[in-house]
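Take a look at the letters that make up each chain.
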Amino acid sequence: MNVPRDLLGDSLPLQGRLLIDEPMASHNSWRAGGKADRFYLPESLDDLCRFLRGMPADEPLLWLGLGSNLLIRDGGIRGTVLCTLNRLKRLELLPGQVVRVEAGVPCAHVAKFSADKGLVGAEFLAGIPGTMGGIEQYTTETNDVAQTPKTIPPPALPAASSPAASRSSLANMPPYS
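Residues numbered from 1 in each chain as written. Predicted model: local features only at pLDDT ≥ 70, side-chain atom pairs only at ≥ 80, totals over all residues. Heavy atoms only, no water.

1. Section: the overall build of the chain
This is how the line gets drawn: Note on conventions: DSSP H or I runs of at least 4 residues are helices, E runs of at least 2 residues are strands, and numbering of each starts at the N terminus. Categorising residues by exposure relies on relative accessible area from a 1.4 Å probe, with only protein chains included: less than 20% of the type maximum marks a residue as buried, more than 50% marks it as exposed, and the intermediate range marks it as partly exposed.
For the chain, the helix and strand inventory stands at four helices and six strands. Each helix and strand of the chain, ordered N terminal to C terminal, gives the series α-β-β-α-β-β-β-β-α-α. By residue count, 42% of the 177 residues in the chain fall in the buried class.

Here it is, written out as structure tokens:
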């Protein structure tokens, strides 16, 4: 197993936490599953981008938010898990009754925040068991209330990886060997 700097090189000033052989049972609602080779907790969006720029292009990535209804095999996850829960957590009201939300904010928090501010249209988020990073899975419901999300542009994001692929990315992970 490589130590963190062997994986990323020495040039990246990272602020987040990179954990090695992290037990995934504590990061999903089923409380099951083996270890992830690497598990990154970014300190900020900029930190996440720096981390991604340092990743090898062929490194398998799994984006993780709340871990709701996520079943992880006992053999664990080969590659790196990027966890946004409680990390990318900005939630603020901007002028024009626009709510800015980062990927790690639970959907239910956005529903309550919006209701507390007297805004309507986000009530359905209270029933979605996940974070805003995975909300694109509910495009029919979000089209009326969501603006175009800010995404991580290349080259910060290695090819074939995106938060949008989070629900199908386990199927694309390499097998445990």
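2. Points about the pairing of strand β4 (residues 77–83)
What counts here: Each pair of strands is called paired provided DSSP finds at least two bridges between the two strands.
Here β4 lies mainly inside the structure; seven of its seven residues are buried. Pairing of strand β2 (residues 35–41) with β4 involves four bridges; the strand directions are parallel. Bridging from a neighbouring strand, Y40 pairs with L82 of β4. Judged from the four bridges that link them, strand β3 (residues 61–64) and β4 form a sheet pairing that is parallel. Bridge pairing links L62 to V81 in β4.

3. As for the sheet that holds β2
Note the cut-off: In this analysis, axes come from line fits to C-alpha atoms, helices being fitted only over the stretch in contact, and the angle between any two N-to-C directions falls in the range 0 to 180 degrees. We call two residues contacting when some pair of their heavy atoms lies within 4.5 Å.
Spatial ordering of the open sheet is given by β1-β2-β4-β3, a layout of four strands whose pairing is mixed. Strands at the two margins of the open sheet, each flanked by one partner only, are β1 (17–23) and β3. When the angles between neighbouring strand axes are averaged without regard to direction, this sheet yields 30°. The sheet contact formed by β1 and β2 spans six bridges and is antiparallel. Pairing of L18 across the sheet is with Y40, part of β2. Packing against the sheet, helix α2 (residues 45–53) makes contact with β1, β2, β3 and β4, and its axis sits at approximately 160° to β4.

4. What to know about the pattern of salt bridges
How we decide: When a carboxyl oxygen of Asp or Glu lies within 4 Å of a side-chain nitrogen of Lys or Arg, that pair is called a salt bridge.
Considering all chains together, one arrives at seven salt bridges under this definition. A salt bridge links D47 to R50, with the shortest nitrogen-to-oxygen separation between them at 3.7 Å. Remark: R50 and D47 occur in helix α2; sequence separation between them is three residues, near one turn of the helix. For D47, a relative accessible area of 0% translates into the label buried. For R50, a relative accessible area of 21% translates into the label partly exposed. Where D116 meets K112, a salt bridge forms, and the shortest distance between an N and an O atom there is 2.9 Å. One end of the pair, D116, and the other, K112, are both in helix α3 (residues 107–116), four residues apart, so they sit about a helical turn from each other.

5. Side note on the packing of aromatic side chains
One pair of aromatic rings is described through two measures. These are the centre distance and the angle between the planes. Note the following rule: Stacked, edge-to-face and tilted labels apply to pairs of Phe, Tyr and Trp rings (six-membered ring for Trp) whose centres lie within 6.5 Å, assigned for plane angles under 30 degrees, over 60, and everything in between, in that order.
Across all of its chains, the model carries one aromatic pair by this definition. Considering the side-chain rings of Y40 and F51, the 3.9 Å spacing of their centres and the 5° angle between planes classify their relative orientation as stacked. Of this pair, Y40 sits in strand β2 while F51 is found in helix α2, placing the two residues eleven residues apart along the sequence.

6. Focus on the side chain of H27
Under the convention used in this document: We call two N or O atoms a polar contact when they sit within 3.5 Å, provided that within protein one can donate a hydrogen and the other can accept it, with sequence-adjacent residues counted only if both atoms are side-chain atoms.
Looking at the element boundaries, H27 is found in the loop between β1 and β2. At a separation of 2.8 Å, a polar atom in the side chain of H27 contacts the side chain of E22. Here H27 is in contact with E22, F39, L64, L66 and G67, once residues within four sequence places are set aside.

7. Remarks on the confidence of the model for the chain
Note: predicted coordinates in regions of low pLDDT should not be interpreted at a detailed level. The line we're drawing: Here pLDDT means the predictor's own confidence in every residue, given as a number from 0 to 100.
When pLDDT is averaged along the chain, the result is 81; 71% of the residues meet or exceed 70. Predicted confidence is poor over residues 1–5, with pLDDT under 50, and the contacts of this stretch with residues over four places away or in other chains come to eleven contacts. Counting contacts from residues 159–177, a segment whose pLDDT is below 50, to residues more than four positions away or on other chains yields 35 contacts.

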